[in-house]
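# Coordinates in review
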Amino acid sequence: MSNNQFSKKDVFILGLMLFALFLGAGNLIFPPLLGQSAGTNIWIAVIGFLITGVGLPLLGVLAIAFSGGDLQVLANRVNPTFGIIFTMIMYLAIGPFFGIPRTGTVAFEIGAVPFLPNGNNALALLIYTLIFFSISYYLALNPTKLVSRIGKILTPILLVVIGILVFKSILTPMGTIGTPTETYATNPFFTGFIEGYLTMDTIAALVFGIVIISSIRDRGITDKKTIATLCMKAGIIAAIGLTIVYASLAFLGATSLQAIGEASNGGVILSRSANYLFGSFGALILGLAITFACLTTSVGLISACSKFFEKTFPTISYKAFVAIFSLFSMAVANVGLDLLISISLPVLITIYPLAIVLIVLSFLRLNNPSTVYIFSLIFTACISIVDGLTTAGIHLPTINAILFFLPLFEEGVGWLFPAIIGALIGYIFSRKNSIRLFAQ
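Residues numbered from 1 in each chain as written. Predicted model: local features only at pLDDT ≥ 70, side-chain atom pairs only at ≥ 80, totals over all residues. Heavy atoms only, no water.

Quick look at helix 15 (residues 318-333) now. An α-helical turn contains 3.6 residues, so any two residues separated by three or four positions project in the same direction. If you check helix 15, its first and last C-alpha atoms are 22 Å apart, about what 16 residues at 1.5 Å a residue would give, namely 22 Å. By the burial criterion, the buried members of helix 15 are Tyr 318, Phe 321, Val 322, Phe 325, Ser 326, Ser 329, Met 330, Val 332 and Ala 333. Angularly, the buried residues of helix 15 cover 165 degrees about the axis, an arc narrow enough to put them on a single face. Those residues of helix 15 that are buried are in contact with helix 5 (80-97), helix 6 (99-111), helix 7 (122-141), helix 14 (266-312) and helix 16 (337-361). (Helix = DSSP H or I, 4+ residues; strand = E, 2+ residues; numbered from the N terminus. Expected span 1.5 Å × (residues − 1). Buried < 20%, exposed > 50% of the residue type's maximum accessible area, 1.4 Å probe, protein only. Arc of directions from axis to C-beta. Contact = heavy atoms within 4.5 Å.)

What follows concerns the packing of helix 14 against helix 15. Where helix 14 contacts helix 15, the axes come no closer than 9 Å and their chain directions differ by 130 degrees. Accordingly, the angle class assigned to the pair helix 14 and helix 15 is oblique. Pair helix 14 / helix 15 crosses with right-handed handedness. Counted together, Ile 302, Ser 303, Cys 305, Ser 306, Lys 307, Phe 309 and Glu 310 of helix 14 and Tyr 318, Phe 321, Val 322, Phe 325 and Ser 326 of helix 15 form the full contact between these two elements. Among the residues forming the contact of helix 14 with helix 15, the class breakdown is 7 nonpolar, 3 polar and 2 charged. (Axes fitted to C-alpha atoms, helices over the stretch in contact; angles between N-to-C directions. Parallel < 35°, antiparallel > 145°, perpendicular 65-115°, else oblique. Left-handed = near helix turned anticlockwise from the far one by under 90°. Nonpolar A, V, L, I, M, F, W, Y, C, P; charged D, E, K, R; others polar.)

Attention shifts here to the packing of aromatic side chains. Enumeration over the complete set of coordinates arrives at 21 aromatic pairs. Seen from their ring centres, Tyr 128 and Phe 132 are 6.3 Å apart, and the 15 degrees between their planes marks the pair as stacked. On the criterion of helical spacing, the pair formed by Tyr 128 and Phe 132 is a turn pair, its members being 4 residues apart in helix 7. According to the relative accessible area criterion, Phe 132 is buried, its value standing at 5%. Residues Phe 321 and Phe 325 carry aromatic rings whose centres are separated by 5.7 Å and whose planes lie at 20 degrees to one another, so their mutual orientation is stacked. With Phe 321 and Phe 325 both in helix 15, this residue pair falls 4 residues apart, about one helical turn. (Phe/Tyr/Trp six-rings, centres within 6.5 Å; stacked < 30°, edge-to-face > 60°.)

This brings us to a nonpolar patch on the surface. The grouping of Phe 115, Phe 281, Leu 284, Ile 285, Leu 288 and Phe 292 at the surface amounts to a nonpolar patch, some 560 Å² of accessible area in total. Among the secondary structure elements, Phe 281 is positioned in helix 14. (Patch = residues over 30% accessible without salt bridge, like charges linked within 9 Å, V, L, I, M, F, W, Y side chains within 5 Å. Areas by Shrake-Rupley, 256 points an atom, 1.4 Å probe, with all protein chains shown as cover. Salt bridge = Lys/Arg side-chain N within 4 Å of Asp/Glu carboxyl O.)

In the contact formed by helix 3 (residues 42-67) and helix 16, the axes pass within 9 Å of each other and the chain directions differ by 50 degrees. Comparing the axis directions of helix 3 and helix 16 gives the class oblique. Note that helix 3 runs across helix 16; the crossing there is left-handed. For the pair helix 3 and helix 16, contact is made by Thr 52, Leu 56, Leu 59, Gly 60 and Ala 63 and by Tyr 352, Ile 356 and Ile 359, respectively. Its residues assigned to classes, the contact of helix 3 with helix 16 shows 6 nonpolar, 2 polar and no charged.

This is how it looks when you write it as structure tokens:
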């Protein structure tokens, strides 16, 4: 089948599939908090957020398409050992460490907390996550088309609910846009850029990009260039949808401060806004929609992670991994949404630049790219590890004083210049080796 035989309707459906893949219910909590925190600097911050929350994930899908395989195939360009270790880290991050537990905490924050009496919710969270991840475990044991079909129904419902909520907030604003917090006042673009890390969609693109590519291959298309072209067209559709949703939710958050007060996370903003605009019934409908969407995401992530680790460690069964990841995710989820986000941020600040550099380098056409990848990623890691430690509250004054002179280091993107220098050094090194081999 040629590209021409893949109709516009097929491309549109593929775009919606990619849109649904990235629009996890957990992602909906970050734009409202960004909007409330950014205040009058909202649109500058949103642009930064969209680069890492929309643009890079789409590049990630294209990188997988051009590699002709999956994340491990792409990471193997550095080194086979790096390939397996990096891939495992990505699956653990998007899976049981952060991604899967977040589905349970977001569902609890939006679907349960608004209806609980004020007080200690620790016991309620434990009971809720026990039920939530028990259901996830049961459904992930036999992953069938049931979950994907539920997802196809839930995604439109969730979009309708969010759309009504945002439209109402525009029609009858909850208040005026407030003043930005300190970080958004001084550096809104790069603060929004780093906030986009929290969506984890760039990692998700590397992990689930093969899903989109497989959908195209199932139609008989095998040419890499054609697959990449179709991914790009679908990506534009997905990008438009994600941009509208994220920008709308950011606006909702920006106008919410006067009505609902300052919130610690976006889940609180969504639930309080729904209650303010539509009463308890609105909060209930929003809570149900996001709860079921989170459940679907949880099952999909548990299944994907279990399949990967079963392939990597064949002595352990798929069902055993499902049980391990479900139980571990439940335990992690009980730290609560606020703490989970604060714990995940230093880790994401450390590994996200590596994922970004890997994606960008994958588009370079080099005969011997391994040295380019190795030097660039080593230089990147040296800076991103320091950034991650600093975010975690572990300060290295001497090292920070030296690195302070790097371009954009203070903005949290100090790894960019070293990544470029590392790639150039790696390229020069590979060229010298090629000349030496040719001379022999």
